[in-house]
Amino acid sequence: MVGRTIINDTSKSPFAKLRPVPIESIRLEDNFWSPRLRIIQEITLPTQYDLLEETGRIFNFRRAAGKVKGDFQGFFFNDSDVYKWLEAAAFSYAYNPNDTLLEKCRRLIDEIAAAQDEDGYLNTYFTFERKGDRWKNLRDMHELYCAGHLMQAAIAFYRATGERKILDVSCRLADHIASVFGPNKRAGVPGHPEIEMALVELYRATGNRAYLDLAAFFVDIRGRGLIGGSPHHIDHKPFRELNEIVGHAVRSLYLNCGATDVYLENGDKTLFEALMRLWHNMVERKMYITGGVGARHKGEAFGDDYELPNARAYAETCAAIANFMWNWRMLLASGVGVFTDIMELTLYNGILSGISLDGKEYFYVNPLADRGRHRRQRWFACACCPPNIARLMASLPGYFYSVSDRDLWVHFYAKGRADINVNGNRVVLLQDTDYPWSGDVKITVNPEKEDYFSIHIRIPEWCREAKVKVNDRELEIKPQPGSYLEINRLWESGNEISLFMAMPIERVIFHPLVIENTDRVALKRGPIVYCVEKADNPKFDVWSMILPDDAPLNAEHVPNLLGGVTVIHGEALAINHEAFSRRLYAPKPDFKYDLRKVNFTAIPYYAWANREEGPMTVWIRSPEKITTNPARKPLNLS
């Protein structure tokens, strides 16, 4: 099992179109992701572990095992932060084995195992005086949620090391849960979905069908009011009747992940039909330009259609991660590029903004405008986001490629090496690119033996103009944005695919019903969404900036800025606030804005708030102009 660290193992899933490539098979050698993977292992994971100790989260396991005395520390769901850290560490170890990290994981696993009850139950909050309260409040108390995170951590560590101790702990817990819940047993669903996808993956790892059946059970009986019937908990309708994505954003998206995993195993089309309805509603009406989701602070929830405030945006880091995870599963089910587009958008913007460039501080909330008061924090009392972003980023190499039958699929672009088994033939791919700053990609294909197979090259939706060459001969077929271009041929060692994607600066407008962004534009280049903040524009307030439609814009790569970024320079106008004096309002016929020309610099949104405090905005004022755009093509899942 060592050397087979897979995030979602669909290799035997009968209704999956794509199968995974192990993390160990990928080496990223670029200047964008490679340094971040190193920072995760060398800085983020060690500092997070210290914080798990400092805040009592690991103490709770020692307490539950009877090793120490004292009160339970923190929130009742704090176990989950420990499990997410362990999962992140397992992925990081799989990519880059490290003895110090491994020993730390083993010691932590010993603490977890010692806290497990004889009947398999494991949750450090429900010990001693609270033992009698187990499974009494599924809506609020996160027992099943914490159990799911334990299972995912255990699977990752087992696949990375081959060591079974924590996997056996998670199976004992799963067996205990299966003895309590299920057909002809107790009817119940988790208030916070998570365990559904974990049980499916545990089934894939062990072959125990009972885990898959229990996951399907939790999906099937949801929406019957067993936990109160609230839309906040997505308990107001049976899953197959849902047509609008509502409620707590992370809960909703984790539930969709679990339902997709169940579909991949049982092929229930009614599940997939519901998933597609929810996907369209989210992407077309409830998702930020950054891929972030969740408009409301109250309930950490999705809002109404087109309710997408900027400064008040919640856009929790965990919700962006959940968005990425769900679209990954939809991609595995379909092989359709629109899902990869959402993954990429979310990854480079809504997720990456959640961690500081030095890997030590985090955003819980990711607004799209701010006056300078919102800053990343070292930790949170509710610390779900820091270890969640660590596990996503540590697992990132495993998302770059997939295989299907005799095909190889390229999802993301970064300089590096992949060693992939394509129908029994070892194929080494070498990527050379400066993505995401450049749209030029060269892939050298080195099969161990020459063979006919297809390579599916992703053409991102943002790419309006692309061309593809094989061995310097341009393909006759025209690449289509938001799809995969299939190249089927006899591949020989040294064959080259050259992909050229035009990467102009784009002005992006919003749907007219998003009232807050009327007469505003955002700047985007390739997969990167930009913002303007005070640090680069100290001579005017960026909230007062106006960008004319004909203002010239140009891109410049600055290697020594914010870890190396491509910035956008341009000319704009700025409103002179002083002209208003002490007035809040002024009559329009008698008063006009006092404008002056300014030069501005925009940086990638993910990099904001890494320097001095000051205003920031993604959406920039722009003169009203009616434009027409071609309608989005219908999603083709054939």
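Nothing here was measured: the structure is a model prediction, and the numbers come from that model.

Asker: What is the right way to look at the pattern of salt bridges in this model?
Answerer: If charged atoms from side chains of opposite charge come close, those side chains can pair. Counting across every chain of the model gives 38 salt bridges. The salt bridge partner of R391 is E87, with a shortest N-O separation of 2.8 Å. Placement of the pair is R391 in helix α13 (residues 385-394) and E87 in helix α3 (residues 79-95), with a sequence separation of 304 residues. We classify E87 as buried; its relative accessible area is 7%. A salt bridge links R106 to E103, with the nearest nitrogen and oxygen atoms 2.5 Å apart. Of this pair, R106 and E103 both sit in helix α4 (residues 99-114), three residues apart, which is roughly one turn of the helix. E103 gets classed as partly exposed once you look at its relative accessible area, which sits at 36%. Several salt bridges share partner residues, and in doing so they unite R159, E201, R204, D261, E265 and R329 into one network.

Asker: I'm lost on the sheet that holds strand β2 (residues 26-28) in this one. Help?
Answerer: Within a sheet, each strand pairs with its neighbour through backbone hydrogen bonds, oriented either parallel or antiparallel. One open sheet holds the seven strands; their spatial order is β2-β6-β7-β8-β13-β10-β11, and the pairing between them is antiparallel. Of all the strands in the sheet, the pair left with one neighbour each is β2 and β11 (473-474). Relative to strand β13 (residues 495-501), strand β10 (residues 466-470) runs antiparallel, the two being bridged by five bridges. Bridged to A466 within β13 is M501.

Asker: What am I meant to see in unusual backbone geometry here?
Answerer: Working note: non-glycine residues mostly have negative phi, and peptide bonds are mostly trans. Here the amide bond leading from Y435 into P436 is cis, since omega sits at 10°, within 30 degrees of zero. Note that P436 resides in the loop between β7 (425-433) and β8 (440-447). Of note in the backbone geometry, Y306 takes a positive phi value of approximately 65° without being a glycine. In this structure, Y306 sits in the loop between α10 (269-285) and α11 (317-334). Relative accessible area serves as the criterion here: at 15%, Y306 is assigned to the buried category. Backbone geometry at N423 places phi at a positive 55°, although glycine is not the residue there. The partly exposed category is assigned to N423, whose relative accessible area is 47%.

Asker: Help me understand the packing of helix α9 (residues 249-266) against α10 in this model?
Answerer: The description of two packed helices rests on the angle between their axes and on the distance between the axes. As a packed pair, α9 and α10 sit with axes 9 Å apart at the nearest point and diverge in direction by 145°. Crossing of α9 against α10: the hand is left-handed. Seen from α9, the contacting residues are L253, N256, A259, T260, V262, Y263 and N266; seen from α10, they are K269, L271, F272, L275, L278 and M282. Looking at side-chain class alone, the contact of α9 with α10 contains nine nonpolar, three polar and one charged residues.

Asker: It is not clear to me how the environment of D341 should be interpreted in this structure. Could you clarify?
Answerer: One can find D341 in helix α12 (residues 337-351). Overall, D341 belongs to the buried group, its relative accessible area being 7%. Residues D341 and D30, 311 residues apart in the sequence, show an inter-C-alpha distance of 21 Å. Every residue in contact with D341, bar those within four places of it in the chain, is listed here: R458, P460, E461 and G482.

Cut-offs used in this document
Residues numbered from 1 in each chain as written. Predicted model: local features only at pLDDT ≥ 70, side-chain atom pairs only at ≥ 80, totals over all residues. Heavy atoms only, no water. Salt bridge = Lys/Arg side-chain N within 4 Å of Asp/Glu carboxyl O. Helix = DSSP H or I, 4+ residues; strand = E, 2+ residues; numbered from the N terminus. Buried < 20%, exposed > 50% of the residue type's maximum accessible area, 1.4 Å probe, protein only. Pairing = 2+ DSSP bridges. Axes fitted to C-alpha atoms, helices over the stretch in contact; angles between N-to-C directions. Left-handed = near helix turned anticlockwise from the far one by under 90°. Contact = heavy atoms within 4.5 Å. Nonpolar A, V, L, I, M, F, W, Y, C, P; charged D, E, K, R; others polar.

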